[in-house]
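# Coordinates in review
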Amino acid sequence: MTLNTTPLTRRGLLLTGAALGAGILAGCTSTPPQDASTPAATDAAPNPTGTPATGVQAQGDRYGVGLYNTRQVADELVWIGEEVQSFKGGEHKRVLITGSTAGAGQLAAAYLLKRGHTVVAHARNEQRAADVHRDLPGLEDVVIGDLLDLEQTRALAGQINALGGFDVIIHNAGEYGLPDGELLNSNSLSPYLLTALVTPPQQLSYLSSDLHLGGGLRLDEVRSGEGIGYGDSKLHMAMIATAAARVWPDRQINAVAPGWIPTLMGFHNGNTTTPDSLRDGYMTQVWLAEGVEPGSDVTGEFLFHQQVETRVNELVHDTQAQDQLLASCAERTGVEFPAES
Ligand SMILES: NC(=O)c1ccc[n+]([C@@H]2O[C@H](COP(=O)([O-])OP(=O)(O)OC[C@H]3O[C@@H](n4cnc5c(N)ncnc54)[C@H](OP(=O)(O)O)[C@@H]3O)[C@@H](O)[C@H]2O)c1
């Protein structure tokens, strides 16, 4: 994935609930754009109200094509609804996925739900919670918190702990193209805080990227809050995973790169093609969560499409560098990482 960093406009649109126009979507899809109301995105299942207890109405059409999802994600959600069979090969899991209102996180949530697992979603605000309640009927719950705001992340950890134990937590949420200080909060410090503050489940997965290869530790920037780039944040995500795997050797903890896939993030900056399979981009997380297929018990690794990735930044498995990163995150947040057992 070779995305360039520019100031983001999408976040502002999402936060205000405004839609991306059809013209923007046209520039964002690798296939000729279709109208968002075509049957593929809207007719696969009854359209529930998307009105949670707060009374906020879901926005746009089901799956939010052109608003928060691409046509490809919407079509994949329809495929999941029509084709995926219930899971009979093992134990059903209780799974929490951060950033499950769109993209790869929403696809993993939809797939696991269809398999019969129990899924709790996470949304940045009430509006996005209403959207995911409508898009993914059957969720056990939706927890809410904007990971750009570390106070909200702390409160989110409290919400998650109040729901009781999970078998699996997938740290999937990620921003792209924001000013560096904001990326530090959403992509590095929030997953750090959630890892440190939430009761650890039996399995943790962290969404990284091949762009972690060009990332650096940036310890001064982490301590000062000055900020880091996207590649740095994805290196941090992978290192939080390998550090957590060291701290909790009895748990299964990995970093996962989804590939460059056709979510809204994949089409950032007007890219019109993405080289990797959307399905492969979320199936590693599903494969790990179900944990029945050969090799799915792997831990402490960086994975790509259900294989251990060999092209990994050497800092990922450098325990001294991991400790330095954890110490800098602790200094910035005031929250210590759990000690090695
Ligand atoms: N797409 C790619 O090619 C690619 C490549 C490598 C790695 N990745 C990684 O894969 C993960 C999933 O990405 P994606 O492609 O599925 O992106 P996406 O379609 O943009 O979805 C990102 C999800 O994270 C949520 N999120 C982002 N920032 C948040 C915040 N501050 N607070 C709460 N929720 C937040 C989004 O919520 P909203 O819908 O409200 O924004 C959305 O649900 C990310 O960690 C990303 O870095 C993606």
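Keep in mind the model is a prediction, meaning the values are calculated, not measured.

## Things to note about helix α6 (residues 126-135)
The buried fraction of α6 is high, at 8 of 10 residues. Taken together, the buried positions of α6 are Arg128, Ala129, Ala130, Asp131, Val132, His133, Arg134 and Asp135. On its buried side, α6 packs onto α5 (103-114), β2 (118-123) and β3 (141-144).

## Some remarks on the site of the ligand
Contacts to the ligand come from 28 residues, most closely from Gly99, Gly103, Gly174, Ser209 and Thr263. Take the shell around the ligand: its biggest share by element is 3 residues, from α5. Classifying every residue of the shell around the ligand by side-chain character gives 14 nonpolar, 10 polar and 4 charged.

## Concerning the pairing of strand β6 (residues 252-257)
Across the 6 residues of β6, 6 count as buried, placing the element largely inside the fold. Neither face of β6 is left uncovered, since the one carrying Gln252, Asn254 and Val256 and the one carrying Ile253, Ala255 and Ala257 both have all their residues buried. Bridge count between strand β5 (residues 203-207) and β6: 5 bridges; the pairing is parallel. If you follow tyrosine 206 over to β6, its bridge partner there is alanine 255. Direction of pairing for β6 relative to strand β7 (residues 302-304): parallel, over a ladder of 3 bridges. Across the sheet, residue valine 256 finds its bridge partner in β7, namely leucine 303. Each parallel crossover has a hand, and the one from β6 via helix α11 (residues 278-290) to β7 is left-handed.

## What about the confidence of the model for the protein chain?
On average, residues of the protein chain score 87 in pLDDT, and 84% of them reach the 70 mark or higher. The least confident element of the protein chain is helix α2 (residues 22-26), whose mean pLDDT is 31; the most confident is strand β4 (residues 168-171), at 99. Low pLDDT, under 50, characterises residues 1-49; the predicted model gives this stretch 76 contacts beyond four residues in sequence or across chains.

## Some words on the sheet that holds β4
The 8 strands are arranged β3-β2-β1-β4-β5-β6-β7-β8 in an open sheet whose pairing can be described as mixed. Edge strands, defined here as strands with exactly one partner in the open sheet, are β3 and β8 (307-308). Strand direction decides the pairing type here: β7 and β8, joined by 2 bridges, are antiparallel. Bridge pairing in β8 links phenylalanine 304 to glutamine 307. Seen against the sheet, α6 touches β2 and β3 and runs at an angle of roughly 160° to β3.

## Thoughts on the packing of helix α10 (residues 230-247) against helix α12 (residues 319-333)
To characterise two packed helices, one gives the angle between the axes of the helices and the distance between these axes. For the pair α10 and α12, interaxial distance at closest approach is 10 Å and the crossing angle is 105°. Classed by the angle they form, the pair α10 and α12 counts as roughly perpendicular. Judged by residue contacts, His236, Met239, Thr242, Ala243 and Arg246 of α10 engage Thr319, Ala321, Gln322, Leu325 and Leu326 from α12. For the contact of α10 with α12, the class distribution of residues is 5 nonpolar, 4 polar and 1 charged.

## A look at the packing of helix α7 (residues 150-162) against helix α8 (residues 180-197)
Running from N to C, α7 and α8 point in directions that differ by 30°, and their axes come no closer than 9 Å. Classed by the angle they form, the pair α7 and α8 counts as roughly parallel. For α7 against α8, the interelement crossing comes out right-handed. Along the contact surface, α7 presents Leu150, Thr153, Arg154, Leu156 and Ala157, while α8 presents Asn185, Leu189, Ser190, Leu193, Leu194 and Leu197. Among the residues making up the contact of α7 with α8, the classes are represented as 7 nonpolar, 3 polar and 1 charged.

## Describing α11
For α11, spanning 13 residues, the distance from its first C-alpha to its last is 19 Å, which sits close to the expected 18 Å at 1.5 Å a residue. Roughly 30° is the biggest bend found in α11, and it falls at threonine 284. Taken together, the buried positions of α11 are Leu278, Gly281, Tyr282, Thr284, Gln285, Val286, Leu288, Ala289 and Glu290. Two residues or fewer after α11 comes glycine 291, characterised by a positive phi angle close to 65°.

## Re the pairing of strand β1 (residues 94-97)
Looking at chain direction, β1 and β2 are connected through 4 bridges and run parallel. Within the sheet, the bridge partner assigned to arginine 94 lies in β2 and is threonine 118. Read as a crossover between parallel neighbours, the route from β1 over α5 to β2 is right-handed.

## As for unusual backbone geometry
The phi angle at tyrosine 63 is positive, at roughly 75°, despite the residue not being glycine. Residue placement: tyrosine 63 occurs in the loop between α3 (39-42) and α4 (71-83). A positive phi angle, near 65°, is found at asparagine 269, a position not held by glycine. Position of asparagine 269 relative to the elements: it lies in the loop between β6 and α11. Look at asparagine 269 and you get partly exposed, because 14 C-beta atoms sit within 10 Å.

Cut-off values and rules
Residues numbered from 1 in each chain as written. Predicted model: local features only at pLDDT ≥ 70, side-chain atom pairs only at ≥ 80, totals over all residues. Buried ≥ 20, exposed ≤ 12 C-beta atoms within 10 Å, placed from the backbone. Helix = DSSP H or I, 4+ residues; strand = E, 2+ residues; numbered from the N terminus. Contact = placed C-beta atoms within 7 Å. Near = placed C-beta within 6 Å. Nonpolar A, V, L, I, M, F, W, Y, C, P; charged D, E, K, R; others polar. Pairing = 2+ DSSP bridges. Right-handed = clockwise from strand over helix to strand, strands pointing away. pLDDT = per-residue confidence, 0-100. Axes fitted to C-alpha atoms, helices over the stretch in contact; angles between N-to-C directions. Parallel < 35°, antiparallel > 145°, perpendicular 65-115°, else oblique. Left-handed = near helix turned anticlockwise from the far one by under 90°. Expected span 1.5 Å × (residues − 1). Bend = angle between axes of the 7 residues up to and from the residue.

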